[in-house]
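# Coordinates in review
So the chains spell out like this:
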Amino acid sequence: MSTRSRRPSSILPPSETLTVEFKSDRKRLPDDELVEALACLANSEGGELWLGVEDDGTPTGLHEAHLNLAGLPGLVAARTSPSLAVTVEAFDMAGIRVARIAVPRCASEVATTAGVYLRRRLKHDGLPECVPMLPHDRDSRAGRFGLADASAQAVAGATLADFDPLERERLRQSVRQYGGDRVLLELDDEALDGALGFTTRTQGGERAPTLTGLLVIGRETALRELVPTHELAFQVLARETVSFNEFRRFPLLKALDWLETNFRPNNPEKEVQIGLFRVPVPKVDMGAFREAVANALVHRDYYRLGAVHVRLDDHGLTVSNPGGLVEGVTLDNLLTTEPRPRNPALADAMKRIGIVERSGRGVDKIYRGMLRFGRPEPDYSRTDGNNVVLQLATVDADEVFLKLVVEQESLQDGVMLPIDSLIVLAALREQKRLNAEELARHIHRDAAQAKRTLERLVEAGLVQPHGNTRNRSYTLSAELYRAKGGQVEYTRQAGFSRLQHEQMVLGHVRHHGRIQRREVMDLCHLNVDQAKWLLKRLKEEGKLVQHGTLRGAFYTLNEP
């Protein structure tokens, strides 16, 4: 344990959040209450507890009984199960000593030795609180961490009579229609149930329906009674006027058919002539639509109440489902992480039927369905710990960009452009000029892989590099801008020659008397290193004189 002196505002968080807790210690916080608060944080996102700080963030100091913090980690470990390992650090804030206790996020539930399970949540006013962790909360958390599969478990009270023969036939038709595993077509009902995980064996050896079985081929009445968390909602709004608003508890295959039947009339398309072919351009790509909805139904948290919502409005298509991203999946690795389904048995069944991508790379299909038409990337930014929210913009397609994609694919005998290449082209189309590091964030890979993707696009004549190796940036090629009628825009984005940069800087100094590095960056559209190199060269050539250092440095003309 260490002690540091800091100003209160320099280290203390401004308020309590889901990962920050303040605890007053003026009347000596009881050990049981302290341990419960730490276990509560561990069962949520982890975080830090500030001991000796009031709820409003005012430091009031540690009680004399807590001035020696050396034994606190041992106390917490002894009073939690499994033992919770925390780290403690003391801070002196304007002469007031407080303690910061860092709590890791734990995969397994942490209870106090008194048997208390707590979790942290936000109240309606945005303030955090600790509430009891009920059995379904523990099951939901286990599913999020991949420790349990709810979809493979038998459903209490369900019998084989709850399976619908019509849904079995719909399943077989879906296998034929979507190119699923045709081996399934050769199986009888019992063998099919076993192959797809629709049933499991009880302790008495009898077959019992699993959650997967009921969701895929169960009767609607059984789903309403036995799986109350399953629900699908479809809404269509035009200028805030609701034209369609229906909720259904159909089994999944029937639900997807119903949704697509009602979605198609609201998804107009036109055709674009590209060479000898007429290419359909829908408002929303149907492949991306199916994948987005199927993912929401398959990966939702079936321990949580709440419907899967599909909403089409003036801004685009929004698909949301209860349950946040599973452990290990973040908004920064959606495109590259290995598949981690929340409900593995259900996901496997839907893959074998052909409803979702068998490779587990359904997100790629959603991205492709947006980007090949020159539309913005899928937007997951509203996703949080309780819901996954996907937004697909329905702006007009960029027909020139679509033509580029189709022509490139035809040159490769119909092989689709790699998703990384498509994302890079779309990012350059949207943001005009980027370097490898910036593009790496778009494709969720490192800079080295981004450079390899860029060099392949340069070789294909689709991307133009600018600058030397260290400071290289990229734009779409001149040919692409010419095809869009944007020759002037290309010239502006391609930048200026070395002589033009020099004359612009010197001209600015003549008119304004001085220039700083950030002004060079804005004037010539250079990055930090390029601006620094240009100013250094002009100084070494005796054309500019530097005054000051670091951020305050500025340059004037070197006149006698």
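Keep in mind the model is a prediction, meaning the values are calculated, not measured.

### Points about the state of the cysteines
Such a bond, covalent and formed between the sulfur atoms of two cysteines, is termed a disulfide. Inspection of the entire model under this criterion finds 1 disulfide. The partner cysteine of Cys-40 in its disulfide is Cys-130, sulfur to sulfur 2.2 Å. Because the torsion about its S-S bond is -110 degrees, the bridge between Cys-40 and Cys-130 counts as left-handed. Taken together, the residues Cys-40 in helix α2 (residues 31–42) and Cys-130 in strand β9 (residues 128–132) connect sequence positions 90 residues apart. Among the cysteines around Cys-106, which has no disulfide bond, Cys-40 carries the closest sulfur, lying 12 Å off.

### Here's the deal with unusual backbone geometry
Note that the residue after Ser-81, namely Pro-82, is joined by a cis bond; omega there is -10 degrees. Within the element layout of this structure, Pro-82 appears in the loop between β4 (80–81) and β5 (87–93). Within the chain, Ala-94 stands out as a residue other than glycine whose phi angle is a positive 55 degrees. You can see Ala-94 is positioned in the loop between β5 and β6 (96–103). Despite not being glycine, His-444 has its phi angle at roughly 60 degrees, a positive value.

### Regarding the sheet that holds strand β20 (residues 463–466)
Spatial ordering of the open sheet is given by β19-β21-β20, a layout of 3 strands whose pairing is antiparallel. The open sheet has two edge strands with one neighbour each: β19 (434–435) and β20. Against the sheet, helix α14 (residues 419–431) touches β19, β20 and β21 (473–476), its axis set at about 85 degrees to β21. Each of β20 and β21 is contacted by helix α16 (residues 447–459), which is oriented at about 115 degrees to β20, the strand it contacts most.

### Some details on the side chain of Glu-167
Relative to the elements of secondary structure, Glu-167 occurs in helix α5 (residues 165–178). Within the structure, Glu-167 has its side chain in polar contact with the side chain of Arg-170 (distance 3.0 Å).

### Brief notes about the sheet that holds strand β16 (residues 308–313)
The strands making up a sheet associate through hydrogen bonds between their backbones, and the pairing can be parallel or antiparallel. If you walk across this open sheet you meet the 5 strands as β13-β12-β16-β17-β18, and the pairing is mixed. Each having just a single partner strand, β13 (241–248) and β18 (387–393) make up the two edges of the open sheet. Here the average twist between neighbouring strands, direction ignored, is 10 degrees. Relative to β13, strand β12 (residues 232–238) runs antiparallel, the two being bridged by 7 bridges. Paired with Ala-238 across the strands is Thr-241, a residue of β13. Docked against the sheet, helix α9 (residues 252–263) engages β12, β13, β16 and β17 (316–322), running at close to 10 degrees with respect to β12.

### So, the confidence of the model for the protein
Of the residues in the protein, 92% have a pLDDT of 70 or more, and the chain-wide mean is 86. Below pLDDT 50 for its whole length, residues 5–9 participates in 8 contacts with residues either more than four positions away or in separate chains. Low confidence marks residues 486–496, where pLDDT is under 50. Its contacts with residues over four positions away, or in another chain, come to 22 contacts.

### Describing α16
The first and last C-alpha atoms of α16 sit 18 Å apart over 13 residues, in line with the 18 Å expected at 1.5 Å per residue. Considered for burial, the residues of α16 that qualify are Ala-450, Thr-453, Leu-454 and Leu-457. All buried residues of α16 fall inside an arc of 100 degrees around its axis, so they share one side. On the buried face of α16, the contacting elements are α14, α15 (436–443), β20 and β21. Backbone geometry just after α16 places Gly-461 at a positive phi near 80 degrees.

### Some remarks on the environment of Glu-206
Topologically, Glu-206 is positioned in the loop between β10 (199–201) and β11 (207–209). Look at Glu-206 and you get exposed, because its relative accessible area is 55%. Among all residues touching Glu-206, those that are not within four sequence positions of it are Thr-200 and Arg-201.

### So, the packing of aromatic side chains
The full count for this structure, using the stated rule, is 6 aromatic pairs. Residues Trp-50 and Phe-91 carry aromatic rings whose centres are separated by 5.6 Å and whose planes lie at 40 degrees to one another, so their mutual orientation is tilted. One end of the pair, Trp-50, is in strand β3 (residues 47–51); the other, Phe-91, is in strand β5, with 41 residues separating them in the sequence. Across this residue pair, the class does not change: Trp-50 and Phe-91 are buried. Aromatic pair Phe-263 and Phe-289: ring centres 3.9 Å apart, planes at 5 degrees, arrangement stacked. Highlighted residues: Phe-263 in helix α9 and Phe-289 in helix α10 (residues 286–299), separated in sequence by 26 residues.

### Quick word on the nonpolar core
Leu-171, Val-216, Phe-289, Val-310, Leu-317, Met-350 and Leu-425 are the most contacted members of the largest nonpolar core, which totals 89 residues. Among the nonpolar cores identified, the runner-up in size contains 22 residues, and Ala-37, Val-76, Val-88 and Cys-106 belong to it.

### Examining a positive patch on the surface
Together, Arg-517, Lys-532, Lys-536, Lys-539 and Arg-551 make up a positively charged patch on the protein surface. Of the residues forming the positive patch, the biggest block, 3 residues, is contributed by helix α21 (residues 528–540). The topology assignment puts Lys-536 in helix α21. The class of Lys-536 is partly exposed, set by a relative accessible area of 48%.

Cut-offs used in this document
- Residues numbered from 1 in each chain as written.
- Predicted model: local features only at pLDDT ≥ 70, side-chain atom pairs only at ≥ 80, totals over all residues.
- Heavy atoms only, no water.
- Disulfide = S-S within 2.5 Å.
- Helix = DSSP H or I, 4+ residues; strand = E, 2+ residues; numbered from the N terminus.
- Pairing = 2+ DSSP bridges.
- Contact = heavy atoms within 4.5 Å.
- Axes fitted to C-alpha atoms, helices over the stretch in contact; angles between N-to-C directions.
- Polar contact = N/O pair within 3.5 Å; in protein donor to acceptor, adjacent residues only side chain to side chain.
- pLDDT = per-residue confidence, 0-100.
- Expected span 1.5 Å × (residues − 1).
- Buried < 20%, exposed > 50% of the residue type's maximum accessible area, 1.4 Å probe, protein only.
- Arc of directions from axis to C-beta.
- Phe/Tyr/Trp six-rings, centres within 6.5 Å; stacked < 30°, edge-to-face > 60°.
- Core = buried A, V, L, I, M, F, W, Y, C linked by side-chain atoms within 4.5 Å.
- Patch = residues over 30% accessible without salt bridge, like charges linked within 9 Å, V, L, I, M, F, W, Y side chains within 5 Å.
- Areas by Shrake-Rupley, 256 points an atom, 1.4 Å probe, with all protein chains shown as cover.
- Salt bridge = Lys/Arg side-chain N within 4 Å of Asp/Glu carboxyl O.
- Lys, Arg positive; Asp, Glu negative; His and termini not counted.
- Charge placed at Lys NZ, Arg CZ, Asp CG, Glu CD.

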